[in-house]
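An overview of the molecular structure
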Amino acid sequence: MDQLVIIKCGGSILKALEPSFFQRLKDMQEEGKQIILVHGGGPDITKFMNVLSIPNEFINGVRRTSGRAAETAEMVLAGRLNPWFVYQLNQLGLKAIGINGNDGALLECDYLKKEQWGHVGKILKVNSGTLTQLIKAGFIPVIASVSRNLTGEILNLNADTVAFEVASAMEAESLIFVTDVNGIMAEGKTVQKASIASIHELINNGVITGGMIPKVQAAIGCLQSKIKEIQIVGKEMKGTMIIKEEVYS
Ligand SMILES: Nc1ncnc2c1ncn2[C@@H]1O[C@H](COP(=O)(O)OP(=O)(O)OP(=O)(O)O)[C@@H](O)[C@H]1O
Ligand SMILES: [Mg+2]
């Protein structure tokens, strides 16, 4: 889809998004862009797990998810953050509709590696027809990053990966990761343009760590598909442009 923009909002930034961010979405829509939002919810899931005394575990920014943690993730993402996000958009007169991977069989998935990661899912298929129908009906789909497999087990999905899979299945024009930092940081500054080679170097040097790793991996995956523009930005929409390779002039 030519004018389709996928915007992934990190759980780390969701509640800090300001009216100007939502207004920008409205402006984009008025300019003729179609929008799909994807959101995570890491901090809120962690908070509720603490309340429920469920232990937390992270490996390279990816959560190891027990059955109870997966139940909490579904509850928080689909039951709490998603309705909040949809409300913010509806309030501005945008027709938002909240869904998760399970709705309209949007994200077919299964265990990534059950012994190692527990209830973490890998996406087998994006049923893009579900999203196309919603967009054609004038809705902005707001996707919570959780789904269920064929036997009904809850699978927690990394929201960056969901955004990437949705963007490539829908052949989106651009993908914007909105997070709690103004893009990739190195030596205290935002990297304005990051190539695949420089990203690998920053990972190897230990500059890119934690939750930034699945994000840059998703961004690199996008470069290998048809998506033209990929950015990692803060809530003011300023940050890093991800490019295939350095252009020397
Ligand atoms: N080089 C780097 N530049 C910027 N951020 C980095 C870097 N290395 C690691 N990070 C971490 O990555 C974090 C962003 O990823 P994180 O997974 O926490 O947020 P998110 O993806 O926006 O939210 P969620 O995972 O809930 O969807 C930053 O807050 C920062 O701590
Ligand atoms: Mg993350």
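Residues numbered from 1 in each chain as written. Chains lettered and ligands numbered in written order. Predicted model: local features only at pLDDT ≥ 70, side-chain atom pairs only at ≥ 80, totals over all residues. Heavy atoms only, no water.

Per an unreviewed UniProt entry, the chain goes by acetylglutamate kinase and derives from Fictibacillus marinisediminis. You can read under Pathway (unreviewed entry) in the UniProt record for the chain the words "Amino-acid biosynthesis; L-arginine biosynthesis; N(2)-acetyl-L-ornithine from L-glutamate: step 2/4." Per UniProt, the chain carries the Catalytic activity (unreviewed entry) text "N-acetyl-L-glutamate + ATP = N-acetyl-L-glutamyl 5-phosphate + ADP". (UniProt positions renumbered as here; feature names shortened; annotations may be inferred.)

Following the criterion strictly, the structure yields three aromatic pairs and no others. Here the aromatic rings of Phe21 and Phe22 are separated by 5.3 Å at their centres, their planes lie at 85°, and the arrangement is edge-to-face. Phe22 matches Phe21 in its accessibility class, with the two residues each being buried. Between Phe22 and Phe85 the ring centres are 6.0 Å apart and the planes differ by 80°, which places this aromatic pair in the edge-to-face class. Taken together, the residues Phe22 in helix α1 (residues 19-30) and Phe85 in helix α3 (residues 67-91) connect sequence positions 63 residues apart. Among the residues examined, Phe22 registers a relative accessible area of 4% and is labelled buried. On the accessibility criterion, Phe85 (0% relative accessible area) is buried. Grouping aromatic residues by their ring pairs yields a cluster made of Phe21, Phe22, Trp84 and Phe85. (Phe/Tyr/Trp six-rings, centres within 6.5 Å; stacked < 30°, edge-to-face > 60°. Buried < 20%, exposed > 50% of the residue type's maximum accessible area, 1.4 Å probe, protein only. Helix = DSSP H or I, 4+ residues; strand = E, 2+ residues; numbered from the N terminus.)

Taking 1.5 Å of rise per residue, 25 residues should cover 36 Å, and α3 covers 35 Å from first to last C-alpha, within 8% of that figure. At Asn82, α3 shows its largest bend, some 35°, and a proline, Pro83, comes one to four positions later. Positive backbone phi, at 90°, marks Gly93, one or two positions downstream of α3. (Expected span 1.5 Å × (residues − 1). Bend = angle between axes of the 7 residues up to and from the residue.)

Attention shifts here to the sheet that holds strand β16 (residues 239-243). Ordered by their spatial adjacency, eight strands build an open sheet running β5-β8-β2-β1-β11-β15-β16-β14, and the pairing between neighbours is mixed. Edge positions in the sheet fall to β5 (96-100) and β14 (193-195), since each of these pairs with one other strand and no more. Going across the sheet, the axis of each strand differs from the next one's by a mean of 20°, ignoring polarity. Two strands pair when backbone bridges link them, and strand β15 (residues 229-233) and β16 are joined in this way by four bridges, in the antiparallel orientation. By the bridge assignment for β16, Val233 is matched with Gly239. Where helix α5 (residues 128-136) meets the sheet, it contacts β1 (4-9), β2 (34-39), β5 and β8 (140-144), and its direction lies at approximately 140° from that of β8. (Pairing = 2+ DSSP bridges. Axes fitted to C-alpha atoms, helices over the stretch in contact; angles between N-to-C directions. Contact = heavy atoms within 4.5 Å.)

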